[in-house]
Amino acid sequence: MSTRAKSMDSVHSSDSLGSGIRLKKEVGLLEGVAIIMGIIIGSGIFLSPKGVLETAHSIGLTLFVWVLTGLLSMIGAVCYAELGTTVPLSGGDYAYIKEAFGPLPAFLFLWDANIVFVPTTNAIMALTFSKYVIQPFFYLGCEVPDSAVRLVAAGTIIFLTWLNCYNVRLTTKVQNVFLVAKVAGLVTVILAGVVHLSSGHYENFANPWENTQTDPGLIAVSFYSGIFSYAGWNYLNFITEELKSPYKNLPRAIYISLPLVTLIYVLANIGYLAVLTKHEMLESDAIGVVRYTTKVNSSY
């Protein structure tokens, strides 16, 4: 760590002592990495593989999109880390807009986020979770009732809202459990793909660039689907004031978490594509639950 970074950390520490009430700096590097990975790895990786493949049309372009969207997210996160160290305040976008343009634009952004951005994102995640929970109770080819999906999703949102209001520490523990479960599920997909490939099943990768999409508009849609899965890399900036040595740990948390997430996402897609054909991936919304597990079980 440079002398400049150390001095800036010490200056902000002394400022916080003399400027009234401040948030406690309790979040270290490992906690920061866990926060970023826990928020990024969500419904996207279980939902977007179908969307990317549907518009990319080929396995080669699909994997290229996942690698490049990870790189783009890394660039965005590094730029955001610069903002976080320049304006070391909690609040993320709200704090930066307020600092640059004043309270009115910041308030309008916050209002829009609470009415539009956050609720719609939560709805997408809840609906995806609901589909994966309900899908195993229906036979292949059976349509999952839309009303059941919506009811489970609504119940999930209500329960998590209550949990956040009831106990923050309990919420953190639940988030950590879900992070471990999500990573474990993706590692299982990766290992199953490795085992399948090691058995000599390379047929899905025989012509990886066959029928590659050439329409720029549809290629852009495939990138949008991939970028959606990486959403959340900016959330550590929302608690910058609670981060220990933010000038050191904020960039480091990004340098560690984003490459790890990109690696997991690319390997998970290779695992999906190794076991499932393109037609099988596009046929089901909950590919990890139904098609993938059924195909793996039938192979052994």
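What you see is a predicted model, and the numbers here were worked out from it, not measured in a lab.

**Q** Explain the overall build of the chain to me, please; I cannot follow it from the model alone.
**A** If you tally the helices and strands in the chain, you get 12 helices and zero strands. Counting helices and strands in the order they occur from the N terminus, the chain gives α-α-α-α-α-α-α-α-α-α-α-α. Residues counted as buried form 41% of the 300 residues belonging to the chain. When contacts within the chain are restricted to residue pairs at least 6 apart in sequence, those whose partners lie at least 24 apart make up 78%. Per element, the accessible surface of the chain, about 16400 Å² overall, is 68% carbon and sulfur.

**Q** Quick question: what am I supposed to make of the packing of helix H2 (residues 29-40) against helix H10 (residues 246-275) here?
**A** How two helices pack is summed up by the angle between their axes together with the distance between the axes. In contact at an axis separation of 9 Å, H2 and H10 are set at 40° when each is read in the N-to-C sense. Classed by the angle they form, the pair H2 and H10 counts as oblique. Considering only the axes of H2 and H10, their crossing is right-handed. Residue-level contacts link Leu29, Gly32, Val33, Ile36, Met37 and Ile40 of H2 to Asn249, Arg252, Ala253, Ile254, Ile256, Ser257, Leu258, Leu260, Val261, Ile264 and Tyr265 of H10. Split by residue class, the contact of H2 with H10 holds 13 nonpolar, three polar and one charged.

**Q** Is there a simple way to think about a nonpolar patch on the surface in this case?
**A** A surface patch of nonpolar side chains, amounting to about 780 Å² of accessible area, comprises Leu104, Phe107, Leu108, Trp111, Ile115, Val116, Phe117 and Val118. On the secondary structure map, Ile115 appears in helix H6 (residues 103-134).

**Q** Can you help me understand the confidence of the model for the chain in this one?
**A** Caution is warranted with low-pLDDT regions, since their predicted coordinates should not be read in detail. The pLDDT averaged across the chain works out to 81; a share of 85% of its residues lies at or above 70. Here residues 1-18 is modelled with pLDDT under 50, and outside its nearest four sequence neighbours on either side it reaches 12 contacts, counting other chains as well.

**Q** How should the packing of aromatic side chains be read in this particular structure?
**A** Working definition: an aromatic ring pair is given by the centre-to-centre distance plus the angle between the planes. Enumeration over the complete set of coordinates arrives at nine aromatic pairs. With 6.3 Å between their ring centres and 55° between their planes, Trp66 and Tyr230 make a pair best called tilted. Separated by 164 residues along the polypeptide, Trp66 in helix H4 (residues 59-86) and Tyr230 in the loop between helix H9 (216-229) and H10 bring together distant segments of the chain. The exposure class of Tyr230 is buried, given its relative accessible area of 0%. Here the aromatic residues Trp66, Tyr230 and Tyr265 are joined through ring pairs into a cluster of three or more.

**Q** What is the right way to look at the pattern of salt bridges in this model?
**A** When charged atoms on two side chains of opposite charge get close, those side chains can pair. Under the criterion given, the structure shown has one salt bridge. Between Asp146 and Arg150 there is a salt bridge; the shortest N-O distance is 2.5 Å. Here Arg150 and Asp146 lie together in helix H7 (residues 146-166), a separation of four residues that amounts to about one turn. The exposure class assigned to Asp146 is partly exposed, which follows from its relative accessible area of 48%.

**Q** Which parts of the structure should I look at to understand H6?
**A** Because each turn of an α-helix spans 3.6 residues, side chains separated by three or four positions end up pointing in the same direction. Taking 1.5 Å per residue, 32 residues should reach 46 Å; H6 reaches 44 Å between its end C-alpha atoms and fits that length. The axis of H6 is deflected most strongly, by about 50°, at Ala113. For H6, the complete set of buried residues consists of Ala106, Ala113, Ala126, Thr128, Ser130, Tyr132 and Ile134. Residues of H6 that are buried make contact with helix H3 (43-56), helix H5 (93-101) and H7.

What counts as what
- Residues numbered from 1 in each chain as written.
- Predicted model: local features only at pLDDT ≥ 70, side-chain atom pairs only at ≥ 80, totals over all residues.
- Heavy atoms only, no water.
- Helix = DSSP H or I, 4+ residues; strand = E, 2+ residues; numbered from the N terminus.
- Buried < 20%, exposed > 50% of the residue type's maximum accessible area, 1.4 Å probe, protein only.
- Contact = heavy atoms within 4.5 Å.
- Areas by Shrake-Rupley, 256 points an atom, 1.4 Å probe, with all protein chains shown as cover.
- Axes fitted to C-alpha atoms, helices over the stretch in contact; angles between N-to-C directions.
- Parallel < 35°, antiparallel > 145°, perpendicular 65-115°, else oblique.
- Left-handed = near helix turned anticlockwise from the far one by under 90°.
- Nonpolar A, V, L, I, M, F, W, Y, C, P; charged D, E, K, R; others polar.
- Patch = residues over 30% accessible without salt bridge, like charges linked within 9 Å, V, L, I, M, F, W, Y side chains within 5 Å.
- Salt bridge = Lys/Arg side-chain N within 4 Å of Asp/Glu carboxyl O.
- pLDDT = per-residue confidence, 0-100.
- Phe/Tyr/Trp six-rings, centres within 6.5 Å; stacked < 30°, edge-to-face > 60°.
- Expected span 1.5 Å × (residues − 1).
- Bend = angle between axes of the 7 residues up to and from the residue.

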